[in-house]
Amino acid sequence: MELIGKHKKFIVLFLGALIADSVLWLFVLFPAPAGEPELYFLDVGQGDSQLIVFPSAGGRRVKMLMDGGPANGALLRQLAQILPLQDRSIDLVLMTHPQLDHFGGFIDLLKTYRVGAFIGTGRKGTTKAYEELEREIARRGVVYVQVRAGDAITYGNSTFAIVSPDKQDIADKELNESSLVVLFKTEKLRALYTGDIGAKTEKKLAARTDLSAQVLKVPHHGSKFSSSQAFVSAVHPQAAVIGVGKNSYGHPTAQTLERLAGAGAE
């Protein structure tokens, strides 16, 4: 797996050991042809977590985990439903932004699975839980790789294009707007992962990037401050997935659901 940046080239080698609730099997909606990756959206409650599993190569499958949901044990339960018991490695872990409902599950993950590298924006959280996550990354000797807009991670014929944040986004006082936004592309599929970005960042991205994708991970759990009409129209997804659980925020809002339905998304 190779990470390519504007001013750097970072290669991560994964050799040998280096590396109940419902699960939405997205390849049921979009059957994965032989040799194509499988996309999973994990039911972790009010939070986000997504897994991409690449076909077996040399007897093992390459896995990328984006976000880990809250610290409620759900992430490990979900992974146990997907991965064989003896498979205790995750090649790449990607954190969109340092809020607990996106990284909380990573702490137990690092104690249970071998992680090849940890991907983030470099922006730090301000909670004790984030400090614990940093300690666990260091304790396990996991490489932390910082990425920004313009970088890309490639594996075979698949690409994870980092379309946000840029330098200006990272400095935004609103943490959500500095979320990593990743456009996953194969020869047959495009899927857009959006963290918790709001309408401001959506507008910026729609103006400069081809966001079209069959699959959309809906921003910010279906908040009324995200999934603007222009953004949903730009993506025009066939399937829209919302990471949501019991909450007091009204997620997902009726306005978001209406806009997604209006675009023809399941």
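Below is a summary of the structure that appears in this document. The model shown is predicted, which means the values in this text are computed figures rather than measured ones. (Residues numbered from 1 in each chain as written. Predicted model: local features only at pLDDT ≥ 70, side-chain atom pairs only at ≥ 80, totals over all residues. Heavy atoms only, no water.)

1. Notes on the pattern of salt bridges
Alright, step 1. Overall, the coordinates contain 12 salt bridges when judged by the stated rule.
Alright, step 2. Residue E38 pairs with R61 through a salt bridge whose shortest N-O separation is 3.9 Å. One end of the pair, E38, is in strand β4 (residues 38-42); the other, R61, is in strand β6 (residues 60-66), with 23 residues separating them in the sequence.
Alright, step 3. Judged by relative accessible area, which is 22%, E38 ranks as partly exposed. (Salt bridge = Lys/Arg side-chain N within 4 Å of Asp/Glu carboxyl O. Helix = DSSP H or I, 4+ residues; strand = E, 2+ residues; numbered from the N terminus. Buried < 20%, exposed > 50% of the residue type's maximum accessible area, 1.4 Å probe, protein only.)

2. Quick notes on the packing of aromatic side chains
Alright, step 1. Scanning the model with the defined rule gives eight aromatic pairs in all.
Alright, step 2. A cation over an aromatic ring shows up here: R88 above the ring of Y113, its NZ or CZ 5.1 Å from the ring centre. (Phe/Tyr/Trp six-rings, centres within 6.5 Å; stacked < 30°, edge-to-face > 60°. Lys NZ or Arg CZ within 6 Å of the ring centre and 35° of its normal.)

3. With respect to helix α8 (residues 254-262)
Alright, step 1. When we look at burial in α8, the residues that qualify are T256, R259 and L260. Buried residues of α8, seen end-on, are gathered within an arc of 100 degrees and therefore sit on one face of the element. In α8, the exposed positions angled more than 90 degrees off the buried face are occupied by E258, A261 and G262.
Alright, step 2. Of the surrounding elements, those touching the buried residues of α8 are β14 (215-217), α7 (229-235) and β15 (239-241).
Alright, step 3. Backbone geometry just downstream of α8 places G264 in the positive-phi region, at approximately 85 degrees. (Arc of directions from axis to C-beta. Contact = heavy atoms within 4.5 Å.)

4. Topic: empty space enclosed by the protein
Any empty space left between the atoms is revealed when a probe the size of a water molecule rolls over them.
Alright, step 1. The space that makes up the second largest cavity amounts to roughly 40 Å³.
Alright, step 2. The wall of the second largest cavity is formed by P70, A71, N72, G73, A74, L75, L76, G105 and D108.
Alright, step 3. Considering each element in turn, the lining of the second largest cavity owes the most residues, three residues, to helix α1 (residues 74-82).
Alright, step 4. Classifying every residue of the lining of the second largest cavity gives five nonpolar, three polar and one charged. (1 Å grid on protein atoms, 1.4 Å probe; cavity = no way out; pocket = protein on both sides within 12 Å on 5 of 7 lines; lining within 4 Å. Points joined across faces, edges and corners; volume = space filled by probe spheres on them. Nonpolar A, V, L, I, M, F, W, Y, C, P; charged D, E, K, R; others polar.)

5. Focus on unusual backbone geometry
Generally, phi is negative for residues other than glycine and the peptide bonds are trans, each holding for most cases.
Alright, step 1. Cis geometry is adopted by the peptide bond preceding P165, which originates at S164 and carries an omega value of 10 degrees.
Alright, step 2. The omega torsion across H251 and P252 is -10 degrees, close enough to zero to call that bond cis.
Alright, step 3. Summarising the element assignment, P252 is placed in the loop between β15 and α8.
Alright, step 4. The phi dihedral of H220 is positive, around 50 degrees, even though this residue is not glycine.
Alright, step 5. Relative to the helices and strands, H220 is located in the loop between β14 and α7.
Alright, step 6. Residue S227 is not a glycine yet carries a positive backbone phi of 55 degrees.

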